[in-house]
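# Analysis of the macromolecular model
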Amino acid sequence: SLGASLLGIPPPIHNSGVLPVSYLSPRRSDLRSGAAVSNAAQLLSVYRRKSAITAESSLTAYLSPSGLQAYKPLALAEDRLSDAVSARQSGHHNDAIDMAQRLARECLDGITYLHLYDRWLLMGTITACFLAWIVFLGSKLVLEQLDTTARDQGNGIDADKVHSMVAFVAAGGGFGVFG
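Residues numbered from 1 in each chain as written. Predicted model: local features only at pLDDT ≥ 70, side-chain atom pairs only at ≥ 80, totals over all residues. Heavy atoms only, no water.

The subject of this paragraph is the packing of helix α2 (residues 29–57) against helix α4 (residues 77–89). Viewed as axis vectors pointing N to C, α2 and α4 meet at an angle of 165 degrees, and their least axial separation amounts to 10 Å. The angle between the axes of α2 and α4 places the two elements in the roughly antiparallel class. The two elements α2 and α4 meet at a crossing, and its hand is left-handed. Facing Asp30, Ser33, Gly34, Val37, Ala40, Ala41, Leu44 and Arg48 of α2, the residues of α4 in contact are Ala77, Glu78, Leu81, Ala84, Val85 and Arg88. Looking at the contact of α2 with α4 residue by residue, the classes come out as eight nonpolar, two polar and four charged. (Axes fitted to C-alpha atoms, helices over the stretch in contact; angles between N-to-C directions. Helix = DSSP H or I, 4+ residues; strand = E, 2+ residues; numbered from the N terminus. Parallel < 35°, antiparallel > 145°, perpendicular 65-115°, else oblique. Left-handed = near helix turned anticlockwise from the far one by under 90°. Contact = heavy atoms within 4.5 Å. Nonpolar A, V, L, I, M, F, W, Y, C, P; charged D, E, K, R; others polar.)

Turning to the side chain of His93, a few remarks are in order. Relative to the elements of secondary structure, His93 occurs in helix α5 (residues 93–115). You can call His93 buried: its relative accessible area is 17%. Sequence-distant contacts of His93, defined by excluding residues within four places in its chain, comprise Ser29, Asp30, Ser33, Ala87 and Arg88. (Buried < 20%, exposed > 50% of the residue type's maximum accessible area, 1.4 Å probe, protein only.)

Here we take up the environment of Leu24. Of note, Leu24 is situated in the loop between α1 (2–7) and α2. Placed 11 residues apart in sequence, Leu24 and Ala35 show a C-alpha to C-alpha distance of 9.3 Å.

We describe a pair of aromatic rings using the distance from one ring centre to the other and the angle between the two ring planes. In this structure the tally under the stated criterion is two aromatic pairs. Where Tyr71 meets Tyr113, the ring centres are 5.4 Å apart and the plane angle is 40 degrees; that geometry is what we call tilted. In this pair, Tyr71 sits in the loop between α3 (59–63) and α4 while Tyr113 sits in helix α5, placing the two residues 42 residues apart along the sequence. According to the relative accessible area criterion, Tyr71 is buried, its value standing at 19%. A ring pair is formed by Trp133 and Phe136, whose centres lie 5.6 Å apart and whose planes are at 25 degrees; its orientation type is stacked. Here Trp133 and its partner Phe136 are both found in helix α6 (residues 119–153), three residues apart, which amounts to about one turn of the helix. (Phe/Tyr/Trp six-rings, centres within 6.5 Å; stacked < 30°, edge-to-face > 60°.)

With their axes 7 Å apart at the nearest point, α4 and α5 run at an angle of 155 degrees to one another. Put simply, α4 runs roughly antiparallel to α5. In terms of crossing hand, the pair formed by α4 and α5 is left-handed. Taking contact as the criterion, the partners of Ala77, Arg80, Leu81, Asp83, Ala84, Ala87 and Arg88 in α4 are, on α5, His93, Ala96, Met99, Ala100, Arg102, Leu103 and Glu106.

See below:
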């Protein structure tokens, strides 16, 4: 964005950073405020798109009765962007820069929030799977030891039935997790 602003060309489409307006000429406050407002508008657009994608594909949003939980600091983002545009148009360039930079930072925070939206659900699922696998393998080792010991003593254990029961319990069926 900074390079594009210095060259006077539109910023890149996939911009995802806050424009450091301090590097732009302080004598051209109209250019600085215009670049800051454009940067905030672009980041807000990226946030909206990421929000739509997350709402469509997030398992947590799908399972929640209220759907996707929006990032609260951006609830009035459109109004705040309009205020920054109005401040710029009325000649209050420093106020416009401050409002736009604050909004741009919050948009980045909102994008990060959406990026990590399903993190706890995914981590819980992966942890549960690993724990179930550990239980399954541990029980398999114990059963093999019992089977070997029983065979040595002449008593047979139906290992296939026990293995099936252990697999059922390790998959969560024995604890009522899925039913």
